[in-house]
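Survey of secondary and tertiary structure
Chain by chain, the residues run as shown.
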Amino acid sequence: MKDEVQKLAENLKRIRTEKHISQGDIVKTTGIDKAMISNIENGKPNPPLAPITKLATAMGVSADEVVK
């Protein structure tokens, strides 16, 4: 499970930075707390699925791309 969480963290941060989107931009778009975004990007265990889907949508990618 740790490998999947780490892969999610790496993908989320990579996609966000490639698209030049800040965590603050994601907060404004999704209403997700910045601390939660940071925790997910830092590989904290057991991220909830709903925010992951919102984050993917805010970056213009599918949730599949974030978790692959």
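Residues numbered from 1 in each chain as written. Predicted model: local features only at pLDDT ≥ 70, side-chain atom pairs only at ≥ 80, totals over all residues. Heavy atoms only, no water.

So, on to helix 4 (residues 49–58). Listed in full, the buried residues belonging to helix 4 are Pro51, Ile52, Leu55 and Ala56. Seen end-on, helix 4 carries its buried residues on one side only, within an arc spanning 140°. Exposed residues pointing more than 90 degrees away from the buried face of helix 4 are listed as Leu49, Ala50 and Thr57. Positive phi shows up at Gly60, right after helix 4, with a value of about 75°. (Buried < 20%, exposed > 50% of the residue type's maximum accessible area, 1.4 Å probe, protein only. Helix = DSSP H or I, 4+ residues; strand = E, 2+ residues; numbered from the N terminus. Arc of directions from axis to C-beta.)

This next bit is on the pattern of salt bridges. Counted according to the given criterion, the structure contains two salt bridges. For Glu18, the salt bridge goes to Arg14, with nearest N and O atoms at 3.4 Å. With a gap of four residues between them, Glu18 and Arg14 both fall in helix 1 (residues 2–18), about one helical turn apart. Relative accessible area serves as the criterion here: at 52%, Glu18 is assigned to the exposed category. Residue Arg14 is classed as partly exposed on the basis of its relative accessible area of 32%. When the shortest N-O distance is used, the salt bridge between Arg16 and Glu41 registers 2.6 Å. Linking Arg16 in helix 1 with Glu41 in helix 3 (residues 34–41), this pair joins segments that are 25 residues apart in sequence. (Salt bridge = Lys/Arg side-chain N within 4 Å of Asp/Glu carboxyl O.)

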